[in-house]
Number of protein chains: 2
Amino acid sequence: MTDSRADIVAFADRLALAVERKRSQLVVGLDPRIDLLPMELRGEAVLGRASAADAISRFCKGIVDAVAPYAVAVKPQVAFFEALGSDGWRAFEEVCAYAREVGLLVIADAKRGDIGSTARAYSAAFLEPDGTAPPLADAVTLNPYLGHDSVEPFLLACRRYGAGVFFLVRTSNAGARDIQDATLSDGTALWQHVASLVHEWGEDLVGERGLSSVGAVVGATYPRAIGEARRAMPQAVLLLPGVGAQGATPADVARAFTSGPSSAVVTASRSVIYAFRDAADDWRAAAGREAARLAAEIWAAAGW
Amino acid sequence: MTDSRADIVAFADRLALAVERKRSQLVVGLDPRIDLLPMELRGEAVLGRASAADAISRFCKGIVDAVAPYAVAVKPQVAFFEALGSDGWRAFEEVCAYAREVGLLVIADAKRGDIGSTARAYSAAFLEPDGTAPPLADAVTLNPYLGHDSVEPFLLACRRYGAGVFFLVRTSNAGARDIQDATLSDGTALWQHVASLVHEWGEDLVGERGLSSVGAVVGATYPRAIGEARRAMPQAVLLLPGVGAQGATPADVARAFTSGPSSAVVTASRSVIYAFRDAADDWRAAAGREAARLAAEIWAAAGW
């Protein structure tokens, strides 16, 4: 395991380079569901887990090729691979490696969070090189509920390997209200307290562009929170899910970009990867077209 | 996928039967770390990921055999398997299947939590049968931060397949203070609010013994919380980590058992599975001896 820090470029800076080169803040979420695959792949998938895993691997690689010119990163959702067990994990490894080969950043949507000694193992799983093999992903999503010792191994991976993390702060789903919106004794919401912790955790990991490799997930379905999150975490890269199938629009996320053109990225999953279901042509072409359209719309809304 | 609910025994009832039959509330955590394996297995592990995965599979199966008479369940920590990628996941599947074959319940320590559509995939991964294959685990640990829609697919699996879940409420680590102990506007701690949600989520899943298949993780390292958690969630099975390597003693957890002999289970991981490191004999014998000792001590402290 090499530790040649001179070569290490911070995740936030790598992301910024990609945003500027591609004029895009789009992250395409890879949520491969067997029942939604194109017919030509779904046929294979019924032959068992190994075949199903092969089918989702082929599907995701096809999407990667199609969206690579328009997206800065892909965000494979680990759950959909894990649902196929070890075969699914093999597909996950293939897809991550393939996306990195074609020059996309990979944000593993894993939402992990565990006590310190266990967090080290998750950091190794997702963010650290293993002998001669590169890390699986460039960044990972994390759940902050267990606090600072659950975070530290990942911050170390950010420092040592130029990795990035995105903490769940205020998520895009209806259930976010149950815990994240609980009112604290000072009148603020719990998620705002979490935002202040995320800001602190990221202060030592600010790159050359003034942005931290410790980012935050803030749902685009709750636009008011975006401005508040931006103020509470001025250096964090915000990862904004909820545009597309979940109902938010590119205009809803505009205020996330006040810290710079790469200070936020917008994820779209189902609306891009399953675009063929509302189109007459090839699934790859449909995904590419939708990614191009969305990337341009977000770029315009961001206003840089 | 069969759905013959007449045959389904609730997880809480299956756990109670095991507790009564074995006179034990011990759950052995399987945290396989290559660098801590017995020498005879560590030699193999250096040959690459597949060999390392084989080594941790053999280690965990040996521990399963050794502790089966004294423990009601094993709790494999998914992170340590995931650190070896798809090879590690294959080992995880082997260990879960083996433990179920020898009659132990399996609690997958995965701490998953994601929005509804994704939570369905995680529920499928851990708790649901797949065609002719049984579920990987009997129960899974979950992170509640995303709220009710992240929970529902798992509650459905509890109802349909007799599965169980354990929500993180107040964890055993130092970082638990950062978010879980945040003071709410009514003066209570956030984790107490989470406890009340867990109580609600579990009300429809109470089995014949009066205990719910929706349980809660409460760290034994914070004994005062155990009594408060017990009162807030009178029907929940409490999963208590922190005894052994993390410093808590069986006496610290006594008040968890006021809802019955199977109303709590105590997990010990490193102190059991690596007991051979402080002993002169075989690693299996050392683990069995430590499990027997701990199970008897907890049974006595529980006072039933």
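A quick note: this is a predicted structure, and the numbers were derived from the prediction, not measured.

Engineer: I'd like a rundown of the sheet that holds strand 3 (residues 105-112) of chain B, residues and numbers included.
Structural biologist: Residues and elements named next belong to chain B. Taking strand neighbours around the barrel as the criterion, the 8 strands line up as 1-2-3-4-5-6-7-8 in a closed arrangement whose pairing is parallel. Here the strands of the sheet are splayed against their neighbours by 30° on average, with no regard to which way each runs. Of the strand pairs in this sheet, strand 5 (residues 164-170) and strand 6 (residues 212-218) are connected by 5 bridges, and their pairing is parallel. Considered in strand 6, the bridge of L168 is made with V217. Where helix 7 (residues 152-161) meets the sheet, its contacts fall on strand 4 (139-142), strand 5 and strand 6, and the angle it forms with strand 5 comes to roughly 140°. Against the sheet, helix 10 (residues 223-232) touches strand 5, strand 6 and strand 7 (236-240), its axis set at about 165° to strand 7.

Engineer: Please provide a residue-by-residue account of the relation of the copies chain B and chain A, values included.
Structural biologist: Structural alignment of chain B on chain A gives an RMSD of 0.0 Å, achieved by rotating through 180° and translating 0.0 Å along the axis. As the rotation angle and translation indicate, the two copies are arranged about a two-fold axis. Of all interface residues in chain B, 100% are interface residues in chain A too; the two copies therefore contact each other through one and the same surface.

Engineer: Can you tell me about the packing of aromatic side chains, naming the residues and giving the values?
Structural biologist: All names here are of chain A. Under the criterion given, the structure shown has 16 aromatic pairs over all chains. Taken together, a centroid distance of 5.8 Å and an interplanar angle of 50° make the contact between W89 and F126 tilted. In this pair, W89 is assigned in helix 5 (residues 85-101) and F126 in helix 6 (residues 116-127), connecting sequence segments 37 residues apart. Owing to a relative accessible area of 0%, W89 belongs among the buried residues under this scheme. Note on F126: relative accessible area 0%, which makes it buried. Here a set of aromatic residues connected by ring pairs shows up, and it is made of F81, W89, F92 and F126. Positioned above the aromatic ring of Y222 is the side chain of R170, whose terminal nitrogen or guanidinium carbon lies 3.9 Å from the ring centre.

Engineer: Talk me through the packing of helix 9 (residues 190-202) of chain B against helix 10 of chain B; I want residue IDs and the actual numbers.
Structural biologist: Residues and elements named next belong to chain B. Look at helix 9 against helix 10: their axes get within 9 Å of each other, and the N-to-C directions meet at 35°. Regarding helix 9 and helix 10, the two cross each other, and that crossing is right-handed. Of helix 10, the residues touching helix 9 (which contributes W191, Q192, A195 and H199) are A225, E228, A229 and A232. Across the contact of helix 9 with helix 10, the residue classes break down as 5 nonpolar, 2 polar and 1 charged.

Engineer: Any chance you could break down the environment of A182 of chain A for me, citing the residues and the numbers?
Structural biologist: With respect to the helices and strands, A182 of chain A occurs in the loop between helix 8 (176-180) and helix 9 (190-202). Contacts of A182 of chain A, omitting those with residues within four sequence positions, involve R177, T188, A189 and L190 of chain A together with L184, L190 and H193 of chain B.

Engineer: Residue-level account of the interface of chain B and chain A, with values.
Structural biologist: In this complex, chain B contributes 58 residues to the contact, which on the side of chain A involves 58 residues. Where chain B abuts chain A, roughly 4600 Å² becomes buried across the two surfaces, and 55% of that area is made up of carbon and sulfur atoms. The interface formed by chain B and chain A includes 6 salt bridges. Residue E82 of chain B pairs with R112 of chain A through a salt bridge whose shortest N-O separation is 2.9 Å. Run the count over chain B and chain A and you get 29 residue pairs in polar contact (both at pLDDT 80 or more). Of all the secondary-structure elements, those providing two or more residues to the side of chain B that touches chain A are helix 4 (78-82), helix 5 (85-101), strand 3, helix 6 (116-127), strand 5, helix 8 (176-180) and helix 9 of chain B. Looking at the side of chain B that touches chain A element by element, the count peaks at 8 residues for helix 6 of chain B. Taken together, the residues that form the side of chain B that touches chain A break down as 27 nonpolar, 17 polar and 14 charged.

Basis of the calculations
All residue numbers refer to position in the chain's written sequence, counted from 1. All chains are assigned letters beginning at A, and all ligands numbers beginning at 1, according to the order in which they are written. This being a predicted model, a pLDDT of at least 70 is required before a residue's local features are given, and a value of 80 or more before pairs of side-chain atoms are given or counted; all residues contribute to the totals for chains, interfaces and linings. Hydrogens are left out, water is left out, and the side-chain values use all remaining heavy atoms of the structure. Strands qualify as paired when DSSP identifies two bridges or more between them. Each helix is a run of DSSP H or I of at least 4 residues and each strand a run of E of at least 2, with the numbering of both proceeding from the N terminus. Helix axes are fitted only over the stretch in contact, all axes being lines through C-alpha atoms; the angle between N-to-C directions runs from 0 to 180 degrees. Two residues form a contact once any of their heavy atoms are found within 4.5 Å. Copy-to-copy alignment: least squares on C-alpha atoms, limited to residues at pLDDT 70 or above in both. The rule is short: rings of Phe, Tyr and Trp, with Trp giving its six-membered ring, pair when the centres are within 6.5 Å, and they are stacked under 30 degrees, edge-to-face over 60, tilted in between. Each residue gets one of three labels from its accessible area relative to the maximum for its type: buried under 20%, exposed over 50%, partly exposed in between, using a 1.4 Å probe on protein chains only. Two limits define a charge over a ring: the Lys NZ or Arg CZ must be within 6 Å of the ring centre, and within 35 degrees of the ring normal. In this scheme the crossing of two helices becomes right-handed for a clockwise turn of the near helix relative to the far one and left-handed for an anticlockwise turn of less than a right angle. Residue polarity is assigned by list, with Asp, Glu, Lys and Arg as charged and Ala, Val, Leu, Ile, Met, Phe, Trp, Tyr, Cys and Pro as nonpolar; anything else, Gly included, falls into the polar class. Buried area is calculated as the accessible area (1.4 Å probe) missing from two parts once they are joined, with the contributions of both summed. Any Lys or Arg side-chain nitrogen found within 4 Å of a carboxyl oxygen on Asp or Glu counts as a salt bridge. N or O atoms within 3.5 Å of each other form a polar contact, as long as, within protein, one can give a hydrogen and the other can take it, and as long as residues adjacent in sequence are counted only when both atoms are side-chain atoms.

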